[in-house]
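Coordinate inspection notes
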Amino acid sequence: MTAQQTDALIDALSAAASPVKRLASPLARAVAALAGLATVGLIAILLLPNDNPLAMRGAGGEMQAGLELAAALLAGVLAVVAAFHVAIPGRSRGWLAVPLPALALWLGFSGLGCWRDLARNGPSGWELGHSMDCFAFIIAASLVLGFPLAWRLSRAAPIDPLPVAVLGGLGIAALSAFFLQFFHPFAVTFLDLAVHVIAIGVVIFLASLLRRPMLRPA
Amino acid sequence: MASGDTNEESWGDLLAAAQRGDGVAYRRFLIAVTPFLRALARRRIHADEVVEDVVQETLLTVHRVRHTYEHGRAVEPWLAAIVSRRSIDALRKSSRTSAREVHNPLAYETFAEPSANTIEAGESAKELARLMGGLPPRQKEALELTKLKELSLEEASAESGQSVASLKVNVHRAIKRMRIEIGKDLFE
């Protein structure tokens, strides 16, 4: 390749200049995406059968359930916001770390809940419980939420799709785990928590694997 | 022209105009940023040809993602991220290629007229004979019968007494061995 070919390429590209729709700011696009995901989640909570599990868990004195819920929501929201930022060339790589404190808080509160459950119920705190249902819920909900999110992220044609896929995967997995709490009328055991974490890992892995067809990088 | 110049339109203004479909502004933008892109690519890559490849790939990417530039923000980090990505792609491609292929610059020096290649053909024949001379007898026999005499595997098997499977294995090993020898010669 030569500099003359570069000049010819510039001529060809400028001749092909057509108006393009400028993307809105990453934050605005993230808010729009989150509003869409919240609507889907809200409809699911209202339509799918549940016995107000939050009240059932709260009645058991497990107030950390509210903190778990808030931390999961925060981790999901921050991961989605970060994904929209890193999809744009030149944005700070610091966005990769933004959801981590909320993620740590979420896992910390969940672990604390498991510990209290173990102290209260003894060895039954190690049982698997309904973990496989939770696993299936997180994977299925992530798929439902993931496709529209990937479509929105793909509009930036991210030049480096891996961090975008990892953050997007973490975001939808955390939001799915948040929605799971509305159908989860029992405290989690350590094994339940481990299964939740594995499910999140599987979602991130799948998102990374599918990053090219889903995000259509430039 | 640098992005911060006040006498001329800044890169950001030109790119914003390009987003609106202004071909003249787009051309000025691409011409203005190309030296910057080339300088960034040279920081990572030393081969001039590859640098120019990276510049061209970057220009194509800029065209594809020009809608992601937010007017008012600095253009340089946006461009630098694209150059960086395309440089990494080029380095990966180059390491994949060098892992699989042996580069022999003399191999390109052939001419369309067969008679013009007589000298090179003679040297190639000598080189081939030398390489084949270093092969174990059964590998050499397998290669001669199947590749030079162009016999079918069955015919070569009948002539040499080697089974078809054995011929295949010996041809494969012979080619592999010769490839390694060629690689050694080029890098010594």
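Use the structure listed above.
Presented here is a report on the structure given in the accompanying data block. (Residues numbered from 1 in each chain as written. Chains lettered and ligands numbered in written order. Predicted model: local features only at pLDDT ≥ 70, side-chain atom pairs only at ≥ 80, totals over all residues. Heavy atoms only, no water.)

This next bit is on the overall build of chain A. Secondary structure summary: chain A contains 9 helices and 0 strands in total. For chain A, the sequential pattern of α-helices and β-strands runs α-α-α-α-α-α-α-α-α. Considering only contacts in chain A between residues 6 or more positions apart, those separated by 24 or more positions represent 90%. As presented, chain A carries roughly 10,100 Å² of accessible surface, and 73% of it is formed by carbon and sulfur atoms. (Helix = DSSP H or I, 4+ residues; strand = E, 2+ residues; numbered from the N terminus. Contact = heavy atoms within 4.5 Å. Areas by Shrake-Rupley, 256 points an atom, 1.4 Å probe, with all protein chains shown as cover.)

Take the overall build of chain B next. Secondary structure assignment for chain B yields 8 helices and 0 strands. Tracing chain B from N to C terminus, the helices and strands come up as α-α-α-α-α-α-α-α. Buried positions account for 35% of the 188 residues belonging to chain B. Looking at chain B as shown, the accessible area adds up to about 11,500 Å², and 53% of this sits on carbon and sulfur atoms. (Buried < 20%, exposed > 50% of the residue type's maximum accessible area, 1.4 Å probe, protein only.)

Further remarks concern the interface of chain B and chain A. The partner chain A presents 32 residues to the 36 residues of chain B that form the contact. Taken over both partners, the interface formed by chain B and chain A buries close to 2,900 Å², and the fraction arising from carbon and sulfur atoms is 60%. Remark: the boundary between chain B and chain A carries 3 salt bridges. Put simply, Arg91(A) and Glu70(B) hold a salt bridge, and the shortest N to O gap is 2.8 Å. (Buried area = accessible area lost by both parts, 1.4 Å probe. Salt bridge = Lys/Arg side-chain N within 4 Å of Asp/Glu carboxyl O.)

As a further point, take the pattern of salt bridges. Inspection of every chain in the model, using the stated rule, returns 10 salt bridges over all chains. Arg27(B) is paired through a salt bridge with Asp11(A); the nearest N and O atoms lie 2.8 Å apart. Taken as a pair, Arg27(B) in helix α2 (residues 23–44) and Asp11(A) in helix α1 (residues 3–15) lie in two separate chains rather than in one. For Arg27(B), a relative accessible area of 36% gives the class partly exposed. Arg42(B) is the partner of Asp48(B) in a salt bridge, and the nearest nitrogen-oxygen pair spans 3.8 Å. Among the residues examined, Asp48(B) registers a relative accessible area of 53% and is labelled exposed. Judged by its relative accessible area of 44%, Arg42(B) falls in the partly exposed class.

With 46 residues, the main nonpolar core has Phe84(A), Trp106(A), Leu149(A), Leu153(A) and Leu175(A) as its most contacted residues. Filtering out sequence-adjacent residues up to four positions away, Leu153(A) remains in contact with Arg29(A), Ala83(A), Phe84(A), Pro158(A), Val164(A) and Leu215(A). Judged by nonpolar contacts, the second largest core, of 35 residues, contains Ala17(A), Leu30(B), Val33(B) and Ala90(B). (Core = buried A, V, L, I, M, F, W, Y, C linked by side-chain atoms within 4.5 Å.)

As a further point, take the packing of aromatic side chains. Within this structure, the stated rule accounts for 4 aromatic pairs over all chains. The interplanar angle of 80° and the centroid separation of 5.4 Å between the aromatic rings of Phe178(A) and Phe182(A) together place this pair among those described as edge-to-face. The pair Phe178(A) / Phe182(A) is uniform in exposure class, with both members buried. Ring geometry for Tyr69(B) and Trp78(B): centres 5.9 Å apart, planes at 65°, overall edge-to-face. Each member of the pair Tyr69(B) and Trp78(B) is classed as buried. One aromatic cluster in this structure is built from Phe178(A), Phe179(A) and Phe182(A). (Phe/Tyr/Trp six-rings, centres within 6.5 Å; stacked < 30°, edge-to-face > 60°.)

All right, on to the packing of helix α1 (residues 11–19) of chain B against α2(B) then. All names here are of chain B. Closest axis-to-axis distance for the α1/α2 pair is 8 Å, and the angle between their directions is 135°. Classified by the angle their axes make, α1 and α2 are oblique. α1 and α2 meet at a crossing whose hand is left-handed. On α2, the residues touching Trp-11, Leu-14, Leu-15, Ala-17 and Ala-18 of α1 are Ala-25, Tyr-26, Arg-28, Phe-29, Ala-32, Val-33 and Phe-36. When grouped by side-chain class, the residues that make up the contact of α1 with α2 number 11 nonpolar, no polar and 1 charged. (Axes fitted to C-alpha atoms, helices over the stretch in contact; angles between N-to-C directions. Parallel < 35°, antiparallel > 145°, perpendicular 65-115°, else oblique. Left-handed = near helix turned anticlockwise from the far one by under 90°. Nonpolar A, V, L, I, M, F, W, Y, C, P; charged D, E, K, R; others polar.)

What follows is about helix α7 (residues 153–160) of chain B. Residues and elements named next belong to chain B. The set of residues buried in α7 consists of Ala-156, Ser-157 and Ser-160. With its buried residues spanning 100° around the axis, α7 presents them on a single face. Relative to its buried face, α7 has exposed residues pointing more than 90 degrees away, namely Glu-154, Ala-158 and Glu-159. Remark: Gly-161 follows α7 within two positions and exhibits a positive phi of approximately 85°. (Arc of directions from axis to C-beta.)

Next up on the list: a positive patch on the surface. Judged by side-chain charge, Arg212(A), Arg92(B), Lys93(B), Arg96(B) and Arg100(B) come together as a positively charged surface patch. Mapped onto the elements, Arg92(B) comes out in helix α4 (residues 75–100). (Patch = residues over 30% accessible without salt bridge, like charges linked within 9 Å, V, L, I, M, F, W, Y side chains within 5 Å. Lys, Arg positive; Asp, Glu negative; His and termini not counted. Charge placed at Lys NZ, Arg CZ, Asp CG, Glu CD.)

Looking now at a nonpolar patch on the surface. Residue and element names in this part refer to chain A. A surface patch of nonpolar side chains, amounting to about 470 Å² of accessible area, comprises Leu-42, Ile-43, Leu-46 and Leu-47. Assignment of secondary structure puts Leu-46 in helix α2 (residues 26–47). On the accessibility criterion, Leu-46 (67% relative accessible area) is exposed.

Most peptide bonds take the trans configuration, and most residues that are not glycine carry a negative phi. Residue and element names in this part refer to chain A. Of note in the backbone geometry, Ala-157 takes a positive phi value of approximately 40° without being a glycine. Considering the arrangement of structural elements, one finds Ala-157 in the loop between α6 (131–154) and α7 (161–180). The backbone of Arg-216 shows a phi angle near 45°, a positive value even though the residue is not glycine. Inspection of the secondary structure assignment puts Arg-216 in the segment after α9 (211–215).

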